[in-house]
Each structure stands twice: as C-alpha cells, then as structure tokens.
Amino acid sequence: MASSKLVKAILDPKKNPLAALHKKTIETRLRKYGLRYDDLYDPMESLDIKEALARLPREVVDARNQRLLRAMDLSMKHEYLSEDLQAQQTPFRSYLRDMLALVEREKAEREALGALPLQQRTIP
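As the structure is a prediction and not an experimental result, all values here were calculated from the model.

**Q** Can you break down the overall build of the protein chain residue by residue, with the values?
**A** Regarding its fold elements, the protein chain presents 6 helices and 0 strands. Secondary structure elements in the protein chain, listed N-terminal to C-terminal, are α-α-α-α-α-α. Taken against the 2.2 N^0.38 rule, which gives 14 Å for 124 residues, the C-alpha radius of gyration of the protein chain at 18 Å runs more than 25% over that of a compact globule. Counting all 124 residues of the protein chain, 23% fall into the buried class. Within the protein chain, residue pairs in contact and separated by at least 24 positions form 72% of the contacts whose partners lie at least 6 positions apart. As displayed, the protein chain offers around 9400 Å² of accessible surface, 58% of which is attributable to carbon and sulfur atoms. Counting 23 positive and 19 negative side-chain charges, the protein chain places the centres of these two groups 4 Å from one another.

**Q** Break down the confidence of the model for the protein chain for me, citing the residues and quoting the values.
**A** Residue-level pLDDT values for the protein chain average 89, and 92% of them are 70 or greater. Least confident of the elements in the protein chain is helix α1 (residues 2–11), whose mean pLDDT is 78; most confident is helix α4 (residues 58–77), at 97.

**Q** Go over the environment of Ala-63, please, and point to the residues and values.
**A** With respect to the element layout, Ala-63 can be found in helix α4. For the pair formed by Ala-63 and Tyr-33, sequence separation is 30 residues and the distance between their alpha carbons is 14 Å.

**Q** Any details on the pattern of salt bridges? Residues and values, ideally.
**A** Where charged atoms from two side chains of opposite charge come close, those side chains can pair. For the coordinates displayed, the defined rule picks out 8 salt bridges. Note that Arg-97 and Asp-38 form a salt bridge whose closest N and O atoms lie 3.2 Å from each other. One end of the pair, Arg-97, is in helix α6 (residues 97–113); the other, Asp-38, is in the loop between α2 (17–33) and α3 (47–55), with 59 residues separating them in the sequence. Look at Arg-97 and you get partly exposed, because its relative accessible area is 35%. Put simply, Asp-48 and Lys-107 hold a salt bridge, and the shortest N to O gap is 3.7 Å. One end of the pair, Asp-48, is in helix α3; the other, Lys-107, is in helix α6, and 59 residues separate them in sequence.

Cut-off values and rules
Residues numbered from 1 in each chain as written. Predicted model: local features only at pLDDT ≥ 70, side-chain atom pairs only at ≥ 80, totals over all residues. Heavy atoms only, no water. Helix = DSSP H or I, 4+ residues; strand = E, 2+ residues; numbered from the N terminus. Rg over C-alpha atoms; globule rule 2.2 N^0.38 Å. Buried < 20%, exposed > 50% of the residue type's maximum accessible area, 1.4 Å probe, protein only. Contact = heavy atoms within 4.5 Å. Areas by Shrake-Rupley, 256 points an atom, 1.4 Å probe, with all protein chains shown as cover. Lys, Arg positive; Asp, Glu negative; His and termini not counted. Charge placed at Lys NZ, Arg CZ, Asp CG, Glu CD. pLDDT = per-residue confidence, 0-100. Salt bridge = Lys/Arg side-chain N within 4 Å of Asp/Glu carboxyl O.

So, in structure tokens, the structure goes:
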C-alpha cells in the first residue's frame, strides 16, 4: 500500500518537477502534430481499446482518425502545425479513458461471475 502511494507521488506532475517536465514535453510534442494523448492508444494492442473505440460515437472516432492522418501527413513532410493551430490544441482532453475504464470494469465483472469473455482473440 505504501509503495503504491510512493509511485503515485513520483508520477504526479503536481508533486514531482521531473514528472511535470515530462508532461510538458509530451504536451509540446502532441501539439506539434495536433494529437491528443488518447490518440496514441492502439486498437490492435488490446481488445479492450478496440471495444472502447467501437462504443464511442462515430463523430469522435472520425475526428480521431482525422487527427491521426493529419499527424502522419505532417510527419512524412517533416513539418509541424502552424503556431496558431498548435495553440488551439488540447492534448490532454480525454475522450477514450472513461469508455475504456467502463469496458475494463465490465470485463472484470464478467470474469468474477465466471461468464464467457465479451471478445476473444482467434488466430486465423
């Protein structure tokens, strides 16, 4: 219990200046490409992320895909967004974490009740 409090204190940007510096660096890099932190979650990595994205409204998923395409295009051109567009970006505004937490809670509840998993990986 004490070690988890220590880890939380170390990772909290309000308490640790190195964590604050890291968060600021991540924010700057995401702003350059117009991305949000939740855009970095890969649906191929986890079925929970894939399910959470499937449950989101279509407009939110389309906006995510547009941000990812723009970021790839800028990266290929070795360019960044203009300064005025960078100022408008909100890199830490979450759109996926709440739905992901809900999917993970449902998964844990299904496992606790002994029910079959909602989704399973199959190897073709």
